[in-house]
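Take a look at the letters that make up each chain.
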Amino acid sequence: MTGQTGFIIANAPSMSLATIWLSAAGLIMSGVTHFALAADVSANFAPNDPPGEWHSQARDYANTRYSPLDEINAGNVKQLRIAWSFSDGVNYGHEGAPLVVGATMYVVAPFPNVAYALDLSKPGAPIKWTYAPDPSPLAIGKACCDAVVRGWAFADGKLIYNLLDDHTVAVDAETGKQVWRTKMGNVENGETMTMPPFVVGNKVLVGNSGGEMGKIGWLAALDIGTGKEIWRAYSAGTDQLVKIGSDFHPFYDWMKGKDLGVTTWPADMWKTGGGAAWGWISYDPELHLIYYGTSNPSPRVPTQRPGLNFWTSAIFARDPETGAAKWAYVFTPHDQWDYDGVNESILVDLPIGGKTRKALVHFDRNAYAYTIDRVTGEVLIATPYAYQNWSSGFDAKTAMPIVRPEMQPKPEVKLSNVCPPDIGGKDWQPSAFSPKTGLLYAGIFNICMDVTDHRQSYIPGTPYDGMEMTRHPAPGDNWGEFMSWDPVTGRKAWAIKEKYMTMSGALATAGDLVFYGTVDGWFRAVNAKTGEVLWSQKLGSGIIGAPMTYLGPDGRQYVAIYSGVGGAAMVSKAMPGFPARGSTLYVFSINGESLPNGAPTPTTTTGSAGPNPQTNRSGQR
Amino acid sequence: MATRATGRSMVSALRAVSIIAAALLASYEPVAGDSTAAAPTSGLPPEAVLASLPLAELAGAVRDPAGLVVANPFEGDKQAIEDGHRLFIAMNCAGCHGYDAAGNMGPNLTDKAWRYGGTPSAIYQSIFQGRPQGMPSWGRALPAQDIWKLVSFIGSLGGSYRTGQHQDWLNGDHGVTSTAPEVTTLEPTFNVPTLREADKPPDTPLAGGSPTPAPGGTP
Amino acid sequence: MTFMRTFGPAADPITSLGWGMTVICSAVVVVIGALLMGTMWGRASRFAGGDLSQLPIVRTEAGLKWIYVGVAVSTGILLGMITWTLITLDAVAGPSGTPAFTIEVRGHQWWWEARYIGQSSDRTFITANELHIPVGRSVHLELLSDDVIHSFWIPALAGKTDVIPGQTNVAWIEAARSGVYRGQCTEFCGEQHAQMAMYVIADPPAQFQSWWDAQLASAPQPNSDAVAHGQAIVMERCGACHSIRGTGAGGIFGPDLTHLMSRRTIAAGTLPNDGENLAHWISHTQAIKPGNRMPTIALPPDELVAVATYLQTLQ
């Protein structure tokens, strides 16, 4: 962490005196000073869903994962107990967060992607309906990283999600009947879909998985009423395929040019180039732009594809109506270590150099934390948040990373201690933002890898990969860490080291709490300001999903988290104490209270005519 | 100037050299890496025998072991194991099953759990035909020789069963469902303890209360 | 495939040196031989008929003079040859100007892969066994191997350089005249070492440019049902090892076939490349080149015809 070079405020105008004083004070006093700037970091919480509900994975367009509920707070979180639980019976990794709309909770299980609606108005949240889509089992063997589903969406009265075998389905939220089902790709060729759809207006945005299978990546928009595909933007190929037109204005010159999605690849290799859009999408309703990242280039052996390999490991800003690209920035051009660019971008407005900039904060797989101007694509801050040794910094003018030549893998030669590993300093597990503290919160990794590349053939339906890896912890011996990050200074405010990987999403609440879970199954609540762990609960299996919170029909606040290890957490499965698989959703409340239990009133068998009115148990209904 | 003596010694030297050269040529063996050397083309089982076996015969209760006793023609051939390892990486098997074959996207090939059978001919069939949860079919892409070499390599990893020992495999099968992922370590057989006579509960039902659990363990 | 007459600056100095040394050494042999003969016969005739035990011992200055002259002449000649050798080594060490481009040549058992590195990434492509170079321009070669040690040698154009696994060797090549130059693997590398040839074809610059442009193109789509049928079989049976750009065949362990018909030979110089030989090769690989890594593909006759039909569209 120390001695790692990044840059801060690359193109900042001159700073005002007040900002300089505040920045200096912040450098002197680590723990408290950022509060002076906290009020300066803000986010737009559109679409401003009802505070007790949770309609999309990230709760809002800006991807803050912040809940305004404060009934559960730093004062009483020690009394948090399990209120009820729900098992979906599937043992693949559980990566999504439940949605709550009104008095119904919606969850989708990993393959075979059965959807459940749970009736929160009844004790024990019984199943209201199920929808079993019967996807093709071929998909199980084509999914690189477990047969997961990373989330689902609710909009327009429909539960909308992706099946592993490349279909997007919309299910009537009331009845559980299928409304539409659209085939988006061919699973037998190695393409799958795992990401949660993201709804903007009447458009459902979905993307594919398959950067390890030689599938060219894409993001598509479907009409929410009919499921018809409206546009599809690819991550490599001609400008027409990538939807780069006259509106495209990247900030840096090295991203300007014709058909860069073709010219930065050897002949025809862009067709199997990867760049899958399997991660998170955010949206700025004022600028009318969506932001999302693309995966690693394919194959994962860089010597087979000399060139900058656009537009993989990049972030795009697009117009959701047409898909036209507005700007892009490539995080890791000619990526050699599988550093996908798909991690979430949280949209925040923050002061840089005395001005408030509309920015986004993105913790990339390549271990750099970026603050990027979301209007223009200018990189304002790029500094490591985890240990890395693949680069020695950035060219401050072009914002291109400077690769250390000795960290470039050559085929058949073992390269030791490459940090971060392929799964990055942080993988897709999403971070959260609290407007009260102005900080971002994320579970990150402290891992390195030894890698040997093997040149690979492209055989459709099989991996186009080639990286043989073993992973081990970086200096410090802890595999995980949960941190809070100050996006203005580009520094951690506090960090909690965890022995096991921290691969859960983060949840921030107005009760000054942040929730996260570990891969060995501990679900924790932390003081958002100080990082003190206030409460922990061990669950049945490791936690790789995202927590959420809602108000039940009884007016109580609940916190829900799935437990079921899998996905990329399996890279540490050789650790002693690594948990077995699981399939259970846990819902917590203060003292575990919820709707009274559903036990029927017992009848007696001896003598008396009927139930004694005096035995009416108060509180039981 | 060549004298007679010199001439004679030259001739014997030439003779010696030619003998040594002949010996060297005779001892020449194919270099490592020959993919098709020593292939017993006549010993390969006809593909029709294996291809005609219905899947159920391999995956379920076996009445007729015909086909399952087909041996790997490269049995005991170390070169075939090396070639199979090379093919395992070249054909992207390692990408799904892991470079150590211990499983990743595809199942672990080093343990005793075989969804579709772990004898050499069963493994051959799985590679040849492909399988429902994403295993591609290689029968048209690879010649029989190469598939048997892959079987040799997988057999060298310790998890597979011997030719004809399908009963061993059935004993270890624990009914993995079609949707559960593979378990990475397995006991080869279950140890079902048997109750001793003295520990068995009496035949008459106990009056009132719950029955006393028998000591000595329940499975 | 003679090395005694070469056609490019990478090899011409060596050939000149070789011939020059041959001439000098032959001259030396003739002169010494003549002197030796002269002294043997001359001395014998002067004393013919006399009593050999009565030979006078005559010491004259002439004897030492012979030695001085001899040593001086030898030294001069040898020094001259050393100098010439050093000049030659320097001349072939590297091209005089900047090479026009780089070819990455990779030796496999038992064929040659070549990746042409273009000015921009999208002009980079892979071909096999037949290299084209522009006349009069030097080309930088990077030599690699995936398996065992081979050696790259175009006798008429460039000297031998080994390709060694785990190491990148560099060489260069240049042709002064257009023509077809055959090369051969010159380091024993296994059973089919003898059938691991390659061709280097030097084209005039404009022709070379259009060859490169043509090589960049993807394979054409089938234009008839028969061709489409052939393509389907090729995808299934051949795609795991061979690449045909523009289709789903992406194997890298056999030669790239995207422009198969632009090459004069198949199987690394083993057979002339025409339809009949293609079909013959595919169905008899192990008979033609026993031990090579391509298995004999047993296709029924109609499929073989379809495959050959499709492959012949890969111009």
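Note that the structure is predicted; figures quoted are calculated from it, not measured.

A. The arrangement of the domain arrangement of chain C in detail. Residues and elements named next belong to chain C. Taken as a whole, chain C is organised into domain 1 (102–216) and domain 2 (225–311). Each of domain 1 and domain 2 was reduced to a C-alpha centroid, and the two centroids are 22 Å apart. The interface of domain 1 with domain 2 comprises 22 residues on the first partner and 21 residues on the second. Summing both sides of the interface, domain 1 and domain 2 together bury roughly 1800 Å²; the carbon and sulfur share of this comes to 46%. Between domain 1 and domain 2 we count 14 residue pairs in polar contact (both at pLDDT 80 or more) in total. At the level of secondary structure, the elements contributing two or more residues to the side of domain 1 that touches domain 2 comprise β2 (111–117), β3 (125–128), β9 (179–185), β10 (197–203) and α3 (205–216). If you tally residues by element for the side of domain 1 that touches domain 2, the top one is β3, at 4 residues. Per-class residue counts for the side of domain 1 that touches domain 2 are 12 nonpolar, 6 polar and 4 charged.

B. Region of interest: the pattern of salt bridges. Scanning the model with the defined rule gives 40 salt bridges over all chains in all. The salt bridge involving C:Glu113 is made with A:Arg455; its shortest N-O contact spans 3.4 Å. Here the residue C:Glu113 occupies a position in strand β2, and A:Arg455 occupies one in the loop between β29 (447–453) and β30 (467–473), the pair thus bridging two chains. Neither C:Glu113 nor A:Arg455 differs from the other in exposure class; each is buried.

C. Spatial organisation of helix α6 (residues 120–129) of chain B. Residues and elements named next belong to chain B. Extensive coverage of α6 is indicated by the burial of 9 of its 10 residues. Along α6, the residues that are buried comprise Pro 120, Ser 121, Ala 122, Ile 123, Tyr 124, Gln 125, Ser 126, Ile 127 and Phe 128. With its phi angle positive at about 80°, Gly 130 sits one or two positions after the end of α6.

D. Spatial organisation of the side chain of C:Ser145. All names here are of chain C. Along the chain, Ser 145 falls in strand β5 (residues 139–145). Looking at Ser 145, the relative accessible area reads 8%, which means it is buried. A distance of 3.2 Å separates a polar side-chain atom of Ser 145 from the backbone nitrogen of Asp 147. Of note is the side chain of Ser 145, whose polar atom sits 2.6 Å from the backbone oxygen of Val 148. In contact with Ser 145, not counting residues within four places along its chain, are Arg 106, Gly 107, His 150, Val 163, Ile 164, Pro 165 and Gly 166.

E. Local environment of the packing of aromatic side chains. Residue and element names in this part refer to chain A. Under the counting rule described, the total for this entry stands at 53 aromatic pairs over all chains. Summarising the aromatic geometry, the rings of Phe 45 and Tyr 66 are spaced 5.6 Å apart at their centres and angled 40° between planes, so their arrangement reads as tilted. Note that Phe 45 is positioned in the loop between α2 (34–38) and β2 (66–67) and Tyr 66 in strand β2, a separation of 21 residues in sequence. The partly exposed category is assigned to Phe 45, whose relative accessible area is 21%. Taking relative accessible area as the criterion, Tyr 66 reaches 8% and is therefore assigned buried. Geometrically, the ring pair formed by Tyr 106 and Phe 154 is stacked, given 5.9 Å between the ring centres and 25° between the ring planes. A residue pair is termed long-range when its members are at least 10 positions apart, and Tyr 106 in strand β5 (residues 104–108) and Phe 154 in strand β8 (residues 153–155) qualify at 48 residues.

F. View of the interface of chain C and chain A. Taken together, the contact between chain C and chain A spans 21 residues of the former and 18 residues of the latter. When chain C packs against chain A, the two sides together hide about 1400 Å² of surface, and 47% of this comes from carbon and sulfur. Our enumeration of links across chain C and chain A arrives at 10 residue pairs in polar contact (both at pLDDT 80 or more). Residues belonging to the side of chain C that touches chain A are distributed by class as follows: 6 nonpolar, 9 polar and 6 charged.

So, how was this worked out
- Residues numbered from 1 in each chain as written.
- Chains lettered and ligands numbered in written order.
- Predicted model: local features only at pLDDT ≥ 70, side-chain atom pairs only at ≥ 80, totals over all residues.
- Heavy atoms only, no water.
- Domains from an automatic or database assignment.
- Contact = heavy atoms within 4.5 Å.
- Buried area = accessible area lost by both parts, 1.4 Å probe.
- Polar contact = N/O pair within 3.5 Å; in protein donor to acceptor, adjacent residues only side chain to side chain.
- Helix = DSSP H or I, 4+ residues; strand = E, 2+ residues; numbered from the N terminus.
- Nonpolar A, V, L, I, M, F, W, Y, C, P; charged D, E, K, R; others polar.
- Salt bridge = Lys/Arg side-chain N within 4 Å of Asp/Glu carboxyl O.
- Buried < 20%, exposed > 50% of the residue type's maximum accessible area, 1.4 Å probe, protein only.
- Phe/Tyr/Trp six-rings, centres within 6.5 Å; stacked < 30°, edge-to-face > 60°.

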